[in-house]
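# Observations on the three-dimensional arrangement
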There are 2 protein chains.
Amino acid sequence: MKITTLTIIGVGLIGGSIGLAAKRRGVVERVLGVGRRRAGLDKALALGAIDQAFLDPADAARQSELTVFCTPVDCIARQALAFADDCPAGAVLTDAGSTKAGIVRAMEEGLPSRVSFVGGHPLAGSEKRGPEHADASLFEGRVTVLTRTPATPPAALERISQLWQALGARVRVMTPEDHDRCLAITSHLPHLLASTLAGIVAPDLADLIAGGFRDTTRIAAGDAGLWTAIFSQNRGALLEALDLFSAHLAKYRQALQTDDTAAIHQLWAQAKKVRDALGS
Amino acid sequence: MKITTLTIIGVGLIGGSIGLAAKRRGVVERVLGVGRRRAGLDKALALGAIDQAFLDPADAARQSELTVFCTPVDCIARQALAFADDCPAGAVLTDAGSTKAGIVRAMEEGLPSRVSFVGGHPLAGSEKRGPEHADASLFEGRVTVLTRTPATPPAALERISQLWQALGARVRVMTPEDHDRCLAITSHLPHLLASTLAGIVAPDLADLIAGGFRDTTRIAAGDAGLWTAIFSQNRGALLEALDLFSAHLAKYRQALQTDDTAAIHQLWAQAKKVRDALGS
């Protein structure tokens, strides 16, 4: 595929990586970057992640053919609806937010019909932030989820799907609700547990912490604002995932209380099988 | 320090690493290795982790000056008490088990007075097993906990402390009960949570799993037998740690249920501060 103008709103780790990957792979002629801070835009320009920088989204909107919102999940719908007002007819918008149902619903309710929106979520990233951590190979071999609802224009979905495949990703299409239910388990719950675990460690235990604790809690170093917004946006599915976890944890607790080593062994072995299948 | 004969019971990841480190650092003249399987002993010999291999512990016991038990926590006390019967007077025994109160209690009840025991636990290792993963630098800069009770002979504690320092470790002395309470939080609980989380993931979610989930559940790939024994041996302290965790998790659940983003933000920020202080 070839895109004339790709616009990226929010040139951090994800947005910067999209820009780098699109240019490195010859997917795009030019990349417009929109950000709130001059410093971040200058970094993205210097790294070659974007070709032109804008502090005012409206200036970019007028020339935008395909736009990816890489801003916090509680900002995306509001920003994208305002942006759409200034876009030419036929423009396609998408996003990279970690929650989907709320964003897609708001977009479908408010978007003018001459502009299309497809929800997206690349399963990549880390606890790091900023364009200085951008990586042209971030999406290679990783899954990007795109959402489909009865209101999703097939041509727009196809176009965004081609974009992500051109960036090296594998595309999986799901409903926004299925995305949120699955990611509540595979991403949001692990973040919640990691944060809870880190939250109970008193400072005097610091030198009794080994590698396992570090691994288990690494993602608790993520940005507080970003994760508050994700938890809040997906709190329904996250609470369901937490109930599932708590029910399974109750089995371990019961086995510990009765010192039922056969039950402990079985619970461990079943989980080990799942984990072994994932690879390191 | 200089040891004439160091005996290692169980030449896996930890035992093999002790042998390699002791020889590499010139701490010991010769290392005797005791194992249940010829193949494991041959690997340890080939790697240079041990100089002489024994399938029968009694054969090694008669020449043992200082012995480290690196076997599963539910075997250590039984094996060490049997071993002590064949040791020369003045022999010092220690271990590398992840739980301490039960082992130290059993040793203090059963050990003949001509032999000393000091409980130990190097906070090193991984989900891998076997002498092929042994590493001479495994203990460098890591903490090894040694236990002290009213019955611990000061000279033996000093000698084992010197051994670990000679292997590159930092030594921290605690009561067995304090060790078990602390490690329940910093190690056993994270393993329990990682295993529970891996245990609820259905196979169809596998391609929606990103790096955070992998990190959080990595230690769930540990050996089922080893972890069943650790959980069982330390189930009292582990259940207390689990209660502490559950109480903190309830705060997150409450904040999610009421969509109290200020509370979510505060919980996340407090945990992030702890995690950031640990480093990557």
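Read on for an overview of the structure.

Conventions and cut-offs
- Residues numbered from 1 in each chain as written.
- Chains lettered and ligands numbered in written order.
- Predicted model: local features only at pLDDT ≥ 70, side-chain atom pairs only at ≥ 80, totals over all residues.
- Heavy atoms only, no water.
- Helix = DSSP H or I, 4+ residues; strand = E, 2+ residues; numbered from the N terminus.
- Polar contact = N/O pair within 3.5 Å; in protein donor to acceptor, adjacent residues only side chain to side chain.
- Contact = heavy atoms within 4.5 Å.
- Buried < 20%, exposed > 50% of the residue type's maximum accessible area, 1.4 Å probe, protein only.
- Pairing = 2+ DSSP bridges.
- Axes fitted to C-alpha atoms, helices over the stretch in contact; angles between N-to-C directions.
- Buried area = accessible area lost by both parts, 1.4 Å probe.
- Salt bridge = Lys/Arg side-chain N within 4 Å of Asp/Glu carboxyl O.
- Nonpolar A, V, L, I, M, F, W, Y, C, P; charged D, E, K, R; others polar.

So, on to the side chain of S195 of chain A. By secondary structure assignment, the location of S195 of chain A is in helix α7 (residues 176–199). In terms of polar contacts, S195 of chain A uses its side chain to reach the side chain of Y252 of chain B, at 2.6 Å. Apart from the residues within four sequence positions on either side, S195 of chain A is in contact with A220 of chain A together with Y252, L267, W268 and A271 of chain B.

Once that is clear, we can look at the side chain of H191 of chain B. Among the secondary structure elements, H191 of chain B is positioned in helix α7 (residues 176–199). Judged by its relative accessible area of 9%, H191 of chain B falls in the buried class. At a separation of 2.7 Å, a polar atom in the side chain of H191 of chain B contacts the main-chain carbonyl oxygen of S187 of chain B. The contact partners of H191 of chain B, leaving out residues within four places of it in the chain, are W268 of chain A together with I219, W227 and F231 of chain B.

The next subject is the sheet that holds strand β3 (residues 52–54) of chain B. Residues and elements named next belong to chain B. Spatial strand order, β3-β2-β1-β4-β5-β6: 6 strands in an open sheet with parallel pairing. Across the chains shown, the open sheet's two edge strands, defined by having one partner strand only, are β3 and β6 (116–118). For this sheet, the mean inter-axis angle between neighbouring strands, taken without regard to orientation, is 25 degrees. Pairing between strand β5 (residues 92–95) and β6: 3 bridges, direction parallel. Looking at β6, one finds that V92 is bridged to S116. Where helix α4 (residues 76–84) meets the sheet, its contacts fall on β1 (3–9), β4 (66–69) and β5, and the angle it forms with β4 comes to roughly 155 degrees.

Chain A puts 80 residues into the contact, and the matching count from chain B is 80 residues. Around 7500 Å² of area is buried between chain A and chain B when both sides are counted, 68% of it from carbon and sulfur atoms. Our count for the chain A to chain B interface comes out at 8 salt bridges. Between R235 of chain B and D259 of chain A there is a salt bridge whose closest N-O contact spans 3.7 Å. Here chain A and chain B share 30 residue pairs in polar contact (both at pLDDT 80 or more) between them. Mapped onto the side of chain A that touches chain B, the elements with two or more residues apiece are β8 (143–147), β9 (170–174), α7, α8 (211–217), α9 (224–233), α10 (235–257) and α11 (261–278) of chain A. Broken down by element, the side of chain A that touches chain B gets its largest block of residues, 15 residues, from α10 of chain A. When grouped by side-chain class, the residues that make up the side of chain A that touches chain B number 42 nonpolar, 22 polar and 16 charged.

Residue and element names in this part refer to chain A. Positive phi, normally seen in glycine, also occurs at D259, with a value near 50 degrees. Inspection of the secondary structure assignment puts D259 in the loop between α10 and α11. The exposure class of D259 is partly exposed, given its relative accessible area of 31%.

The analysis is restricted to geometry; functional conclusions fall outside its scope.
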